Amino acid sequence: MAPDGDEVLRMHRELEGQLAMEEVQLLYRGAQGKQTIVEIGSFRGKSCVVMALGSQEVGGHVTAIDPHLSLDPVGDTDYNAEDLEVFNTTIEKWGVADRVTHIVERSHEARANWKDTPIDLLWIDGDHSYEGVKLDLDDWSDLVSPGGLIACHDYTHRESVRQAWSETIERGGNDQWEVHKPVRSIISATRK
């Protein structure tokens, strides 16, 4: 049984991560009915848990890809090796570990081993450099199935994300994607 609004609010409050409440709702609703979910950038597991719970009624599975490398602090966040341990504890605590495959490597490396399985929901929140976002979009967006959803975090306040999104998703006009209005910092589109 899917969580009600109070449970979604509890996820937002109790899970460590950088998603606003509206963003948690977007990912939770976006995951409903989705079987194959790929997450690029897992940090400490908030979005992974939200999407796993959102897709639980159909037995959805999340492939979470993150190398969990120590990085120089970005904003108020110090990314480090401890994030991997917290991620694993979080998915266990929230009861979704059996529906999550965690790949501890860079997304480009993981793509080389992906067997072109269609993706119902692609969530990109990894390397926010232009080159990183562009590579993720180039590597993974063509795998999103018709009716599937792609979403990128930090679109509204990172030029690098906006530029890569524009060049990759919006380049062909409205032929392939129905682009949605941003929700806080998330841009999303449905494959036609």
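For the structure, check the block above.
Residues numbered from 1 in each chain as written. Predicted model: local features only at pLDDT ≥ 70, side-chain atom pairs only at ≥ 80, totals over all residues. Heavy atoms only, no water.

## With respect to the pattern of salt bridges
Tallied over the entire structure, the rule returns 8 salt bridges. The shortest N-O distance in the salt bridge between arginine 44 and glutamate 82 comes to 3.2 Å. Remark: glutamate 82 occurs in helix H4 (residues 82-93) and arginine 44 occurs in the loop between strand S1 (36-40) and helix H3 (46-54); sequence separation between them is 38 residues. With relative accessibility at 46%, the residue glutamate 82 sits in the partly exposed group. With a closest N to O distance of 3.0 Å, lysine 134 and aspartate 138 form a salt bridge. One end of the pair, lysine 134, and the other, aspartate 138, are both in helix H6 (residues 130-140), 4 residues apart, so they sit about a helical turn from each other. Looking at lysine 134, the relative accessible area reads 18%, which means it is buried. Of the residues examined, aspartate 138 reaches a relative accessible area of 40% and is grouped as partly exposed. Shared partners join several salt bridges into a network, and the residues in it are Glu16, Arg44, Glu82 and Asp83. (Salt bridge = Lys/Arg side-chain N within 4 Å of Asp/Glu carboxyl O. Helix = DSSP H or I, 4+ residues; strand = E, 2+ residues; numbered from the N terminus. Buried < 20%, exposed > 50% of the residue type's maximum accessible area, 1.4 Å probe, protein only.)

## Brief notes about the packing of aromatic side chains
For the structure on display, the rule yields 2 aromatic pairs. The interplanar angle of 65° and the centroid separation of 5.5 Å between the aromatic rings of tryptophan 114 and tryptophan 140 together place this pair among those described as edge-to-face. Of this pair, tryptophan 114 sits in the loop between helix H5 (107-113) and strand S4 (119-124) while tryptophan 140 sits in helix H6, and the two are 26 residues apart along the sequence. Grouping residues by exposure puts tryptophan 114 and tryptophan 140 together as buried. When the ring centre of tryptophan 140 is taken as reference, the NZ or CZ atom of arginine 111 above it lies at 5.9 Å. (Phe/Tyr/Trp six-rings, centres within 6.5 Å; stacked < 30°, edge-to-face > 60°. Lys NZ or Arg CZ within 6 Å of the ring centre and 35° of its normal.)

## Digging into the sheet that holds strand S6 (residues 177-183)
Judged by pairing direction, the sheet is mixed, and its 7 strands sit side by side in the order S3-S2-S1-S4-S5-S7-S6 without closing on themselves. Each edge of the open sheet carries a strand with a single partner, namely strand S3 (100-103) and S6. Here the average twist between neighbouring strands, direction ignored, is 15°. Two elements, S4 and strand S5 (residues 144-152), share 5 bridges in a ladder whose sense is parallel. The residue of S5 that forms the bridge with tryptophan 123 is alanine 151. Where H6 meets the sheet, it contacts S1, strand S2 (61-65), S4 and S5, and its direction lies at approximately 175° from that of S4. (Pairing = 2+ DSSP bridges. Axes fitted to C-alpha atoms, helices over the stretch in contact; angles between N-to-C directions. Contact = heavy atoms within 4.5 Å.)

## Concerning the pairing of S6
Here S6 runs beside strand S7 (residues 186-191); their pairing, made up of 5 bridges, is antiparallel. Within the sheet, the bridge partner assigned to valine 183 lies in S7 and is isoleucine 186. Between S6 and the antiparallel strand that follows it, S7, lie 2 residues; arginine 184 among them carries a positive phi value of about 55°.

The values are spatial; any link to function lies outside them.
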